[in-house]
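Notes for the structure review
Here is how the chains run, residue by residue.
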Amino acid sequence: MFEFGPILRTLWRNKTGALLIIVQAALTLGIVSNAAYVVHDRQQLIERPTGIDEQNLFTLRIAQLSNPKSNYQDVIRDLDEIRRLPGVVDASFGNTSPLSNSGSSSDMTNEENPDKPVSVLTDLFSTDSHGLNTLGLKLVSGRFFNDTDIGFSGSVFGNGADLSGIVLTRTLADALFGKDVDVLGKQLMGSTVIGVVEPAMVSYVAQDYATGVAFIANFVANDSLTYIVRCEPGQLSQLMVKVPKLLQKLDPNRIVRNVRPVTEFKQRSYRRHISMVKMLTVTMILVISVTGLGIVGLTLLWGNQRRRQIGIRRALGASRLAVMRYFLTENLLITAIGVVLGVILSLALNQLMVQHYQMSALPLSYILFSMLAVLLLGLLAALVPAWRSSLVSPALATRSV
Amino acid sequence: MLKMEHIAKVFRTDTVATHALRDFSLHVKAGEFVSVTGPSGAGKTTFLNIAGLLEPFDGGSYQLDGISVHGLSDSQRSKLRNEKIGFIFQGFNLIPDLNIFDNVDVPLRYRGFGRAERKRRIEDALAKVGLSARAKHLPSQLSGGQQQRAAIARALAGEPAFLLADEPTGNLDTTMARQVMELLEQINSQGTTIVMVTHDPELARRAQRNIQIVDGEVADLTLRQAV
Ligand SMILES: Nc1ncnc2c1ncn2[C@@H]1O[C@H](COP(=O)(O)OP(=O)(O)OP(=O)(O)O)[C@@H](O)[C@H]1O
Ligand SMILES: [Mg+2]
């Protein structure tokens, strides 16, 4: 039924073309399995939940013309007026735009055991009592800030002792004090932990410490003071027009700038990863196309070179199906050899990435899937040329001398 | 064995239609050795191709061993060709990439024989044509006469009832041609029906019956009716 033996012996006598396909199939497997893994890895990073309602958030900043610094009373008035607009869920200030990958980060240290202090790099995010609802955070225990908690320190964190309290994400609480330890009332950098919220990324994305956030209620009147507005679903774009108009009306003597949806910041923060995903996807498509076309070309060439032989086989009793089967089997054998070599290449490539780019080991499923994909590619690419070859008339055997 | 009635075959190209066979009728009985002669372009190969199911025909009827071949599917026709017909060509038509053993094996694989059965048949056929020692040689490593004998072995291995040969000695010198002819006569004496196209009058005479094709028709009606 399948002429493995004669096909292999024939291939052995026509090594060059076969070798080309073998190398291409091996390279394809090596590249595609690793690239697919990196793409998936990055995709997961990009798609991991932020824990905030980023789809419905936008932010803006205020540039004062007369007074260089924002006045707390003005900010409170602005935010109150914004909240009154239909379609607005809530609004608050923050020291930066969420997911912008810029903000204030610092080491937080748990000094409960003076011999073994635990330090964790932390996103410090200062906001007001509306921060919880505006960002869409979920309180796990304790409480978030109220209006009287607001402090007025020169820097974001200021002096811990001046703060009325500090709220941690569960991720940060776990990292500092241990998994699921009740941290309410614990002392941290001179302040007291008053609440815990579910893990969320606020200032940072893409970093390892992104979900380790400490919230503080501190008003810092500097350039990066940011208004954060949470809208009802579908209201974002119209409010991005209305809110700046309202602010302008409340005080014409200033400029509203940087009105942007938070998803845009997120997009920008992942820029590197997104372009990596794009580049690798294009590479995969290119490699697959080149290999596919190579197989198509070679099978066509072989079919044309062997028209006479096909005619003879037909005369000796080969049906069209048998001729197709011959060429498909031949192709499958070649790609199969390439696939076996490709697995080795793939593992070697992954080993390099593990050593130099902190990648994890390639899961078996990626190798198996890529093996199947390359075999299928070979089969598909050979299908049309094989079918063309099967159309060769058996009369060719007697007509050509 | 072979029963053709009023066969017509027209080759059409964009501008011309060539009537390669017209009203072509012929009966060949089982066990006969028929030689076919005629001028170049008369339709000898066309007749052989239709007889061997290599080409379709445009009119008339053809029964091969009692089976009407009209309307058979490609796979049915391939199967019939594989089981009943052995081909010998002027140009030998061995597959250059395969050694003699594998060449003889080709039709047997399409036949679906098992490994042992194929091996036995190949060895028998090669012994019959005196090429047992050359099984592992490539066609290019054999002389013309040896190649043709290998091709005959390939045609015989499936034990077809019907052997079709198109100028089997056309590419061979006289000595080798005689050897091949003797081989064919020996095969015929064991019961295989043979139809052989040849340009060599001496070889044609050695057959039991000679058919002349002129202009797509059997020329000598008395010969046709003598059957
Ligand atoms: N595929 C084809 N297309 C068009 N015309 C063809 C084709 N095959 C054969 N012919 C024509 O059919 C006629 C019969 O050809 P055929 O090959 O049967 O002749 P022949 O008797 O075998 O000749 P020769 O002795 O030279 O081999 C010729 O005129 C030939 O040109
Ligand atoms: Mg001819």
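Residues numbered from 1 in each chain as written. Chains lettered and ligands numbered in written order. Predicted model: local features only at pLDDT ≥ 70, side-chain atom pairs only at ≥ 80, totals over all residues. Heavy atoms only, no water.

**Structural notes on the domain arrangement of chain A**
Looking at chain A, the domain boundaries give domain 1 (4-47 + 271-399) and domain 2 (67-252). One C-alpha centre belongs to domain 1 of chain A, the other to domain 2 of chain A, and the line joining them spans 54 Å. (Domains from an automatic or database assignment.)

**Quick word on the sheet that holds strand 10 (residues 226-231) of chain A**
Residue and element names in this part refer to chain A. With antiparallel pairing, the 4 strands of this open sheet are ordered in space as 2-10-1-11. Bordering the open sheet on either side are strand 2 (88-94) and strand 11 (254-261), each of which pairs with just one other strand. Sheet twist, expressed as the mean angle between neighbouring strand axes with direction ignored, is 25 degrees. The pairing of strand 2 with strand 10 spans 6 bridges and is antiparallel. (Pairing = 2+ DSSP bridges. Helix = DSSP H or I, 4+ residues; strand = E, 2+ residues; numbered from the N terminus. Axes fitted to C-alpha atoms, helices over the stretch in contact; angles between N-to-C directions.)

**A word on the interface of chain A and chain B**
Listed as interface residues are 25 residues of chain A and, on the opposing side, 27 residues of chain B. Counting the surface lost from both chain A and chain B, the interface buries some 2,500 Å², and carbon and sulfur atoms represent 53% of this. For the chain A face of the interface with chain B, the top three residues by lost area are L316, T398 and R399 of chain A, together amounting to 25%. Linking chain A with chain B are 3 salt bridges, by the criterion used here. Here R314 of chain A ties to D74 of chain B by a salt bridge, and the two come within 2.8 Å at their closest N and O atoms. Summed over the shared surface of chain A and chain B, the number is 11 residue pairs in polar contact (both at pLDDT 80 or more). Counted by class, the side of chain A that touches chain B contains 10 nonpolar, 7 polar and 8 charged residues. (Contact = heavy atoms within 4.5 Å. Buried area = accessible area lost by both parts, 1.4 Å probe. Salt bridge = Lys/Arg side-chain N within 4 Å of Asp/Glu carboxyl O. Polar contact = N/O pair within 3.5 Å; in protein donor to acceptor, adjacent residues only side chain to side chain. Nonpolar A, V, L, I, M, F, W, Y, C, P; charged D, E, K, R; others polar.)

**A short note on the pattern of salt bridges**
Following the criterion strictly, the structure yields 30 salt bridges over all chains and no others. Between D174 of chain A and K179 of chain A there is a salt bridge, with its nearest N and O atoms 3.7 Å apart. The class for K179 of chain A is exposed, based on a relative accessible area of 65%. By sharing partners, the salt bridges in this structure join E117, R120, R121, D124 and E159 of chain B into a single network. (Buried < 20%, exposed > 50% of the residue type's maximum accessible area, 1.4 Å probe, protein only.)

**Comments concerning the site of ligand 1**
The immediate surroundings of ligand 1 are formed by 14 residues, with R399 of chain A together with S40, K44, T45 and T46 of chain B found nearest. S40 of chain B is positioned such that a nitrogen or oxygen atom in its side chain is 2.5 Å from an oxygen atom of ligand 1. At 2.5 Å from an oxygen atom of ligand 1 is found a side-chain nitrogen or oxygen belonging to T46 of chain B. Considered on its own, ligand 1 offers 630 Å² of accessible surface; in the complex 66% of this is hidden by protein. Among the secondary structure elements, those contributing two or more residues to the shell around ligand 1 are strand 2 (17-28) and helix 1 (44-51) of chain B. (Near = heavy atom within 4 Å. Areas by Shrake-Rupley, 256 points an atom, 1.4 Å probe, with all protein chains shown as cover.)

**Topic: the packing of aromatic side chains**
Scanning all chains against the criterion turns up 11 aromatic pairs over all chains. When the ring of F144 of chain A is compared with that of F215 of chain A, the centres are 5.8 Å apart and the planes differ by 65 degrees; the resulting orientation is edge-to-face. One end of the pair, F144 of chain A, is in the loop between strand 5 (139-142) and strand 6 (166-169); the other, F215 of chain A, is in strand 9 (residues 213-216), and 71 residues separate them in sequence. Look at F144 of chain A and you get buried, because its relative accessible area is 7%. Look at F87 of chain B and F89 of chain B: their rings are 5.5 Å apart centre to centre, the planes differ by 10 degrees, and that puts the pair in the stacked class. Grouping residues by exposure puts F87 of chain B and F89 of chain B together as buried. Here a set of aromatic residues connected by ring pairs shows up, and it is made of Y72, F93, F152 and F219 of chain A. Stacked on the ring of W12 of chain A, the Lys or Arg K15 of chain A has its end atom at 4.3 Å from the ring centre. In this structure, K136 of chain B is placed above the aromatic ring of F101 of chain B, and the distance from its NZ or CZ to the ring centre is 4.6 Å. (Phe/Tyr/Trp six-rings, centres within 6.5 Å; stacked < 30°, edge-to-face > 60°. Lys NZ or Arg CZ within 6 Å of the ring centre and 35° of its normal.)

**Some details on helix 1 (residues 4-13) of chain A**
Among the residues of helix 1 of chain A, those classed as buried are P6, I7, T10 and L11 of chain A. Seen along its axis, helix 1 of chain A keeps its buried residues to an arc of 135 degrees; they face one direction. Tucked into the core, helix 1 of chain A has its buried residues touching helix 2 (15-47), helix 8 (271-305) and helix 10 (320-357) of chain A together with helix 3 (100-111) of chain B. (Arc of directions from axis to C-beta.)

**Quick notes on the side chain of T398 of chain A**
Note that T398 of chain A resides in helix 12 (residues 396-399). A distance of 2.7 Å separates polar atoms of two side chains, one belonging to T398 of chain A and the other to N49 of chain B. Look past the residues within four positions of T398 of chain A in its chain and what remains in contact with it is T45, N49, L54, F89 and D166 of chain B.

**Quick look at the nonpolar core**
If you look at the biggest cluster of nonpolar residues, it comprises 69 residues, and the most contacted ones within it are F58, I82, L135, L137, F215 and Y227 of chain A. With 8 residues, helix 2 of chain A is the single largest residue contributor to this core. In this structure, this core is formed jointly by two domains, domain 1 (4-47 + 271-399) and domain 2 (67-252) of chain A, each of which donates at least three residues. Other than its neighbours up to four places away in sequence, F58 of chain A contacts Y227, I228, V229, C231, L236, L239, M240, V243, V259, R260, P261 and V262 of chain A. Membership of the second largest hydrophobic core comes to 63 residues, among which are L11, F327 and L328 of chain A together with Y110 of chain B. (Core = buried A, V, L, I, M, F, W, Y, C linked by side-chain atoms within 4.5 Å.)

**Thoughts on the environment of R134 of chain B**
All names here are of chain B. Within the secondary structure, R134 is located in the loop between helix 4 (115-128) and helix 5 (144-157). Sequence separation of R134 and K119 is 15 residues, and the distance between their C-alpha atoms is 15 Å. With residues near it in sequence (within four places) discarded, R134 still touches I100, L142 and Q146.

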